[in-house]
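Here's the letter readout for the chains.
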Amino acid sequence: MVGHTLAFYLARRFAAAILGLFALAAILIFIFDLLELLRRGAGQDGATLARIGLISLLRVPQLMEQVLPFAVLFGAISAFLGLSRKLELVVARAAGVSVWQFTAPALAVGIAIGIAAVTLYNPLAVLLRERSDEIASGLFASEQSFLLQTTGEVWLRQDGTDGESIMHAKQTLDSGRRLLAVTVFTFDRNAQFAERIEAREAVLADRQWRLSDATVYSTQGDPSRHDTYFVSTFLTPTEVRESIAAPESIGFWDLPRVIELSQRAGLPAYRYALQYQTLLARPALLAAMVLIAACVSLRVSRMGGIGRLILGGILAGFVLYVLAELGEDLGGAGIVPPTIAAWAPGVFGVLMGLTILLHLEDG
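Because the structure is predicted, anything quoted here is derived from the model rather than measured.

A. How the structure looks around the overall build of the protein chain. The helix and strand tally for the protein chain stands at twelve helices and six strands. Looking at the protein chain as a whole, 45% of its 363 residues qualify as buried. Taking the intrachain contacts of the protein chain between residues at least 6 apart in sequence as the baseline, contacts between residues at least 24 apart amount to 62%.

In structure tokens, the structure reads:
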């Protein structure tokens, strides 16, 4: 009964420290992001404080996904240090509690946060980010892709019943099925230039792009304006998503379906497979961060030197994060299989932490 009580107490301390640090980081990111958007949006039509504040607020959850490993690392270090300074770990060790026993609740909390972040938080963050992009559409004009860090300007080459065409868009929404600030260059079946079309928006319908507020410039006459204009395409929504949509714009539960559709269409799906495996490996990465924090706390309780050891733990966490980013780059380029690229940093971090703890605890 005492063991269960102690485990629950430790788990509560670790969860409070990690979630508190995560919330603090979210508030700081929201404030700085809001100030930057307000500065850039000054003088723009429709750039009200409420609208920009909502845009920034809906962007924060997805931005915080990159901060989560550091929140777990710093939160676990803070919790371990708090227990050490109050001699709670010393008393627990004197009562016969091993390092594995007081580290297990922290590991359980880290893994639980990782599972919740993947299965619940990630789909919600993607949904909120899409809503943020919709609210912000047209607000920052040409600066929008830079300010909002969307998929950015894209080029798309396609074929259709009327001939080939090249599309350029300054922003994409809805996984690439909706394009904003579109320019289309169309060619006839003889590969001769036919028209240049500029439109406010393009939406992928049934084997055609529906352009809104389009101006058509043709070699045959004067420019003409159309409320709705159509450009044919043989592209399917899956092919457009593969060509344009970023893997981060697709939620965890939708990724297996996207991967399957891409493979059925004969398209490379390793970018989405990498994103899926990275999300699956996130609990392992967070567990590695907890083990790094445990290594720091054990040395502090025995030998002192808080500042130096905390710095070492932080550097180890940053190195692990850099390895994770490097693995994603290699996996995204198709150099390394997605499973290896996604899981290697977390597994390496866990094995490294376990090795250090074994050395410090059992010699």
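B. Examining the sheet that holds strand E2 (residues 165-173) more closely. An order of E1-E2-E3-E4-E5-E6 is seen for the six strands of this open sheet, with the pairing classed as antiparallel. Of all the strands in the sheet, just strand E1 (154-158) and strand E6 (224-232) have a single pairing partner and so form its edges. Adjacent strand axes in the sheet meet at a mean angle of 30 degrees when their direction is disregarded. Pairing analysis gives eight bridges linking E2 to strand E3 (residues 178-187), with the strands arranged antiparallel. Directly across from serine 165, in E3, lies its bridge partner threonine 186.

C. Representation of a nonpolar patch on the surface within the structure. Nonpolar side chains collect at one region of the surface, where Val319, Leu323, Leu326, Leu330, Ile335 and Phe348 lie side by side and expose about 540 Å² of accessible area between them. Examining the composition of the nonpolar patch, we find that four residues originate from one element, helix H11 (residues 306-332), more than from any other. Within the secondary structure, leucine 326 sits in helix H11. Judged by relative accessible area, leucine 326 falls into the partly exposed class, the value being 45%.

D. Just helix H3 (residues 68-85), in detail. Given a rise of 1.5 Å per residue, 18 residues ought to cover 26 Å, and the 25 Å separating the end C-alpha atoms of H3 matches this to within 8%. Burial analysis of H3 places 15 of its 18 residues in the buried class, which makes it a mostly covered element. Just downstream of H3 lies leucine 87, where phi reads positive at about 60 degrees.

E. Spotlight on the side chain of glutamine 62. Within the secondary structure, glutamine 62 is located in helix H2 (residues 49-64). Assessed through its relative accessible area of 14%, glutamine 62 is described here as buried. Dropping the residues within four chain positions of it, glutamine 62 is found in contact with Ala125, Val126, Arg129 and Glu248.

F. Structural view of the pattern of salt bridges. Evaluated as defined, the whole model comprises twelve salt bridges. In this structure, glutamate 134 engages arginine 131 in a salt bridge whose closest nitrogen and oxygen atoms are separated by 3.5 Å. You can see glutamate 134 and its partner arginine 131 sitting in helix H5 (residues 99-136), three residues apart, about one turn around the helix. Assessed through its relative accessible area of 46%, arginine 131 is described here as partly exposed. Residue arginine 157 is joined to glutamate 164 by a salt bridge in which the shortest nitrogen-to-oxygen separation is 3.0 Å. On the basis of relative accessibility, which here comes to 61%, the residue arginine 157 falls in the exposed class.

G. The arrangement of the environment of alanine 199 in detail. For alanine 199, the position within the fold is in strand E4 (residues 193-204). The buried category is assigned to alanine 199, whose relative accessible area is 8%. Between the C-alpha atoms of alanine 199 and alanine 169, which are 30 residues apart in sequence, the distance is 9.6 Å. Apart from residues lying up to four places away in sequence, alanine 199 is in contact with Ala181, Val182, Leu211, Ser212, Asp213 and Ala214.

Thresholds, definitions, all that
Residues numbered from 1 in each chain as written. Predicted model: local features only at pLDDT ≥ 70, side-chain atom pairs only at ≥ 80, totals over all residues. Heavy atoms only, no water. Helix = DSSP H or I, 4+ residues; strand = E, 2+ residues; numbered from the N terminus. Buried < 20%, exposed > 50% of the residue type's maximum accessible area, 1.4 Å probe, protein only. Contact = heavy atoms within 4.5 Å. Pairing = 2+ DSSP bridges. Axes fitted to C-alpha atoms, helices over the stretch in contact; angles between N-to-C directions. Patch = residues over 30% accessible without salt bridge, like charges linked within 9 Å, V, L, I, M, F, W, Y side chains within 5 Å. Areas by Shrake-Rupley, 256 points an atom, 1.4 Å probe, with all protein chains shown as cover. Salt bridge = Lys/Arg side-chain N within 4 Å of Asp/Glu carboxyl O. Expected span 1.5 Å × (residues − 1).

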